[in-house]
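Report on the structure
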Amino acid sequence: MKRPLSKLQCILFVLAWVSLCAVVITSAPRVDGMLIVTILMSGALVFIPVYKSLKK
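Keep in mind it's a predicted model, so treat the numbers as computed, not measured. (Residues numbered from 1 in each chain as written. Predicted model: local features only at pLDDT ≥ 70, side-chain atom pairs only at ≥ 80, totals over all residues. Heavy atoms only, no water.)

**Looking at a nonpolar patch on the surface**
A surface patch of nonpolar side chains, about 420 Å² in accessible area, is lined by Leu8, Ile11, Leu12 and Leu15. With respect to the helices and strands, leucine 8 occurs in helix α1 (residues 7-27). Its relative accessible area of 57% is what places leucine 8 among the exposed residues. (Patch = residues over 30% accessible without salt bridge, like charges linked within 9 Å, V, L, I, M, F, W, Y side chains within 5 Å. Areas by Shrake-Rupley, 256 points an atom, 1.4 Å probe, with all protein chains shown as cover. Salt bridge = Lys/Arg side-chain N within 4 Å of Asp/Glu carboxyl O. Helix = DSSP H or I, 4+ residues; strand = E, 2+ residues; numbered from the N terminus. Buried < 20%, exposed > 50% of the residue type's maximum accessible area, 1.4 Å probe, protein only.)

This is the structure:
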């Protein structure tokens, strides 16, 4: 069984995700639907484990 993430790990994961999204958005020539969908899917991959870990 895996240990839940600590609060510090959750904060670092979220900050890393936000900074990567900022880099992608600022470097993209235009923000279109596919970019938004990709960011939403990556957000789900980050926030679902963080939510489950904080819920425990």
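**A look at the state of the cysteines**
Enumeration according to the criterion identifies zero disulfides in this entry. Cysteine cysteine 10 is unpaired, with the sulfur of cysteine 21 as its nearest cysteine sulfur at 17 Å. For cysteine 10, a relative accessible area of 4% puts it in the buried group. Under the relative-accessibility criterion, cysteine 21 is labelled buried at 12%. (Disulfide = S-S within 2.5 Å.)

**Focus on helix α2 (residues 33-55)**
End to end, α2 covers 32 Å across 23 residues, agreeing with the expected 33 Å (1.5 Å per residue, within 8%). Taken residue by residue, α2 has Leu35, Ile39, Gly43, Val46, Val50 and Ser53 as its buried positions. Residues of α2 that are buried make contact with α1. (Expected span 1.5 Å × (residues − 1). Contact = heavy atoms within 4.5 Å.)

**Describing a positive patch on the surface**
Taken together, the side chains of Lys2, Lys52, Lys55 and Lys56 make up a positively charged region of the molecular surface. In this structure, lysine 2 sits in the segment before α1. (Lys, Arg positive; Asp, Glu negative; His and termini not counted. Charge placed at Lys NZ, Arg CZ, Asp CG, Glu CD.)

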